Amino acid sequence: MKILNCPINGPRPLQEFHFGGELRPNPLDRKDGADADWADYVFNRDGEPGVKREWWYHIPSGTWFIAERDNVTDQFQRTYLYGAEQTDG
Amino acid sequence: MDRRLPPREGEWIDRSQPVEFRFEGQSLAGFAGDVLSSALWAHDVRLQGRSFKYHRPRGLYSLAGHDANVIVEDGRRTNMRGDLLPITDGLDVYSVNTSGGLQRDRWRIMERFDRFLPVGFYYKAFHTPRWLFPHYENQMRQVAGLGRVHPGNAAVETPKDYAFCDLLVVGAGPAGLAGAIAAAEQGLKVLLVDEQPHPGGSLNWQWSGNPAAQEQFGGMLEQVRAHDNIELRCGTQAAGAYNDYWIALVDDRRLTKLRAKAMLVATGCFEQPAVFQNNDLPGVMLASAAQRLLQLYAVKPFDRAVVVAANSDGYRAALDLHGAGVEIAAIADLRHDGEPTGLAQNAADAGIEILAGCAIAEAVPSGGKARIQAAAVCPLEKDGSLRTGSLRRIECDGIAMSVGWSPNVGLAYQAGGRFRYAEHVAQLVPSSLPDGLFVSGRANGRFELHDQIADGRRAGLCAAAHLGRFDGNLPDSPQHQASPPSHPYPIFSNNGKKNFVDLDEDLHLADFKNAHQEGYDNIELVKRFTTVGMGPSQGKLSNSNAIRILARLNGASINETGTTTSRPFYQPVRISHLAGRRFHPQRRTPLDGWHRQHGAEMMHAGAWMRPEFYTTSGSTRDECILAEAKNVREHVGLIDVGTLGKILVCGPDAARFLEHIYTGRFEKQKVGRLRYGVACDETGVIIEDGVIARLAEDRFYVSATSSGAAVFYREMQRWALIFGMKVTLINATGHLAAMNLAGPKSREVLAGLTDADLSPDAFPYVGVKEATVAGARAIVMRVGFVGELGYEIHVPASQGWHVWTSLMEAGRPHNIRPFGVEAQRLLRLEKGHLIVGQDTDALTHPFEADVAWAIGKDKPFFIGSRSLDIVKQQSLDRKLVGLSFPAHRSGPLPQECCLIIHEGEIVGRITSIAPASTLGHPIAMAFLRPDLANVGAKVTIRTTDGRTADAEVAAMPFYDPDGARQK
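Residues numbered from 1 in each chain as written. Chains lettered and ligands numbered in written order. Predicted model: local features only at pLDDT ≥ 70, side-chain atom pairs only at ≥ 80, totals over all residues. Heavy atoms only, no water.

(A) Up close: the overall build of chain A. In terms of regular secondary structure, chain A is built from 1 helix and 6 strands. For chain A, the N- to C-terminal ordering of α and β elements is β-β-β-α-β-β-β. When its C-alpha atoms are laid out on the principal axes, chain A stretches across 40 × 25 × 25 Å. In chain A, which comprises 89 residues, the share counted as buried stands at 39%. (Helix = DSSP H or I, 4+ residues; strand = E, 2+ residues; numbered from the N terminus. Buried < 20%, exposed > 50% of the residue type's maximum accessible area, 1.4 Å probe, protein only.)

In structure tokens:
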């Protein structure tokens, strides 16, 4: 079982977490585009190999945060609270 | 005949503890410390098992659990292996897979049919007719199989344990001991495990004649035992490696889930057999098995043996056997140049004949095939083929094979290590290892004892450096310099039919040639077609040779041919070790006990238990439900709705936040009023509905569906972050008890228990008040889910029981009755209120569910708004309608999910149905094609038994369309 480092609670086993999908743009910033662009935003996800920014949720404490994960090696590289990308997680 | 030798230095048996056991009904004696196979061989019982397919006689082969020749059962436990089963007093075992006992096994006859049973025969023979396959399967399971499972056995509960360490060292041989000591000296907490009952690995049997090695062994063992940082666990296999060094450790008693920070794999090698005619008969064994038998159990393996060798280890084995009184008739050395070290001279000095450039072409069986009587030794051509014209028969009762090794690195593979074939050792060595994984010793291609120890020490220091506990210079590890310990192709054919590659599955060389001819030229395909490596020993002794054979057939290198994946578990693990306790978390409301005391039939509702209905003696389920519903319509009822999600939304942005979450408007909602809310996802699909109560300008109390509340709360938390709003969310679902008092008499029941003014003007429909009820602080809401005057009362969980019983008491003069989930579902269906998830599915948007009225006009944004703008332009495929069935009808009623058929096409689906209603006839809700959905239109529904039922589209709500009763 993998270990994931919650920015609030520290390293915890993966079963305490819920995966929340990739980090995507705020829909408020996308809603004024063409229908096709919106459909692309709603339905398509980036599956390209590489480092992904993903939402994760620590279930017992109710903490959402962002994890950077290399989906080729399945290694978490860093984690931080939403909006705290600049600080080292 | 007794083959037990006088006591030997380092033996594992305890001669002070004799043990009596039975094998195939025969009483035998051994010592504590013996395994079944060693104790049997000590009595010269060589026939110890029968093979899987041909029922060939089989005996001791690896004596390390690397083969699966000897499998026994005792009527309670099954599929225990002779190499690994300690004998104990009273042990009474029989060989599996025989008919009429091991000696007289009737299925011996199978071998005569071998030419009708080529590889893949059952794919071809039993393919058609398909209906006969179960018959064939049953027949085959009688003939080919393993032990019987006894379903009547009592359940065995095994403990599960957890452990933590810095470094797990797997294998307590020379490299593992050295690695554990080096790491522990740098301050790492080390867990050292070994599958054998004693530490030392090959030091116990391969180097036992070497005093310097034994002295070194003793010194390392003393250090390990004395060091506070090292925990040594023997009899423990590291069964599987999972993410982030989460390792399954299995011992006789329990499964331990270990979290390590790094892992050192020092698991050594599996010795590999040579392939020749009859290489499976009892008496043919790995040289390491003969050494183990001799050194660990003090049993003389043979009287007169031929050793087939391709490395120094074979000469060491021959000298060990010679020293123990075994006559070594010859060493057949596969290498034309023979042994380059001084061991060759030592063997010659001992009077052993050395036949360089020779192989064994055949083990010659004695009558009955349970023994061998000679080895047919044959010179080799330069290309490695047999010069069969020059066979020489050498009388012997044993053949020891020392032709090569295959690294035992399944764990390293599972942990992410990758391997490549290296010519200098003619075996796989690591090509890349992930952070925190280390491999050392023979598994890392280091075969000289001092190289193994140095390599173990290097790996231990590397692990310490990886964990930040060592910053000195990391030593280099010397590469193997001598000739390769493994022969590149120890496979010989003199056109015999019984040269086995995989003993588990009875596969011989010809099977691989046939598979290749059929076009299976890829290792993964060969594995599946031939089943090589798929038996109980999982290819420990067969994968290496299979790859060598396929590489040669393909004219490719080993690296081009590839390897097969080694999955958990390393050795079979008993199911009882894996079985977990049942753990299904279940939520219960504060009123759960009351319901059970009052005859409630409880049902699962998501994670919750809820009353389905309350039983009444003499009434059926449906009668009870209808009576509960009618009582709500005519008098008053009380239902536990504590399972509803209850979320407090507070803060200056609370109203704006809710306008983003829900389709409706909340900014102008008055304090003290409720609104119905529908929430969609970004595609515009309905995911939630509920009631939003405004308790203050900046404080809302939101209810969510019982099953969706946890997810909805989680998503609300995320949206609050994304929108960057000043809003605080509190999930109070478990903090509060909730009940709905509904019916024309509900005001009268509540009036005596509350300080709130319940008059219609002071507390109108869709009003909310914070008040006291039966002395408890409560939020009281005028809701109309069931379509009657009603009050939903939320109180602290600790007060729930008191308030509920107070209401029941106060309601007694008014015929109050509790009602369950089923009655509530009926009542809301009569009102045409949908249930998200029941009447909507994963594609339902508000327009087709007829809740578009809940979308706020001219809202700039809510989640899903952009998608709904698009959907709105498209025509509807379906809409949610009411269906009414005649009161007097015959034939079956449809069930939920039954399809509506029109001119042979599916045009809709029932989402909810009530077989009986307070209206006197069955009603339903359904999705229907819009052009067929006019009120009064007739529809035909296919019932589950294939018949049809007729219904008529009806206006919803069915009951009290003006909503006069709930006002």
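(B) Summary view of the interface of chain B and chain A. Of the residues lining the interface, 22 residues belong to chain B; the matching set on chain A comes to 24 residues. Together, the buried faces of chain B and chain A total about 2,200 Å²; carbon and sulfur atoms form 56% of this surface. Taken together, chain B and chain A are joined by 3 salt bridges. Measuring nitrogen to oxygen at the nearest pair gives 2.9 Å for the salt bridge that ties Asp35(A) to Arg866(B). (Contact = heavy atoms within 4.5 Å. Buried area = accessible area lost by both parts, 1.4 Å probe. Salt bridge = Lys/Arg side-chain N within 4 Å of Asp/Glu carboxyl O.)

(C) Seen up close, the sheet that holds strand S38 (residues 768-773) of chain B. Residue and element names in this part refer to chain B. Pairing within the open sheet is mixed, and its 6 strands lie in the order S38-S39-S40-S37-S31-S41. Looking at the sheet topology across the chains shown, the edges are occupied by S38 and strand S41 (817-818). As defined by bridge partners, strand S39 (residues 776-781) adjoins strand S40 (residues 790-796) across 3 bridges and the pair is classed as antiparallel. Paired with Val780 across the strands is Ile793, a residue of S40. Strand contacts of helix H21 (residues 800-811): strand S31 (637-640), strand S37 (736-742), S38, S39, S40 and S41, with the helix running at about 15° to S37, the strand carrying the most contacts. (Pairing = 2+ DSSP bridges. Axes fitted to C-alpha atoms, helices over the stretch in contact; angles between N-to-C directions.)

(D) Broad picture of unusual backbone geometry. Residue and element names in this part refer to chain B. Residue Phe569 is bonded to the preceding Pro568 through a cis peptide linkage, with omega at 5°. With respect to the helices, strands and loops of the structure, Phe569 is situated in the loop between helix H14 (558-561) and helix H15 (575-578). With an omega dihedral of -5°, the bond running from Met956 to Pro957 counts as a cis peptide bond. Its location among the elements puts Pro957 in the segment after strand S47 (948-954). Positive phi outside glycine occurs at Ala774, with the angle close to 50°.

(E) Looking closely at the packing of helix H11 (residues 509-517) of chain B against helix H13 (residues 543-554) of chain B. Residue and element names in this part refer to chain B. For the pair H11 and H13, the least separation of the axes is 11 Å and the interaxial angle reads 45°. Considering the angle they form, H11 stands oblique to H13. As H11 runs across H13, the sense of the crossing is right-handed. In contact with Leu509, Phe512, Lys513 and His516 of H11, H13 contributes Ala546, Ile549, Leu550, Leu553 and Asn554. Partitioned by chemical class, the residues of the contact of H11 with H13 number 6 nonpolar, 2 polar and 1 charged. (Parallel < 35°, antiparallel > 145°, perpendicular 65-115°, else oblique. Left-handed = near helix turned anticlockwise from the far one by under 90°. Nonpolar A, V, L, I, M, F, W, Y, C, P; charged D, E, K, R; others polar.)

(F) A look at the nonpolar core. Residue and element names in this part refer to chain B. In this structure, Ile328, Ile331, Val377, Ile399 and Met401 are the most contacted members of the largest nonpolar core, which totals 80 residues. Of all the elements, helix H6 (residues 287-297) adds the most residues to this core, at 7 residues. Aside from chain neighbours lying at most four places away, what touches Ile328 is Ala305, Val307, Ala318, Leu321, His322 and Ile352. Ranked by size, the runner-up nonpolar core spans 46 residues in total, among them Val119, Leu191, Val532 and Ile547. (Core = buried A, V, L, I, M, F, W, Y, C linked by side-chain atoms within 4.5 Å.)

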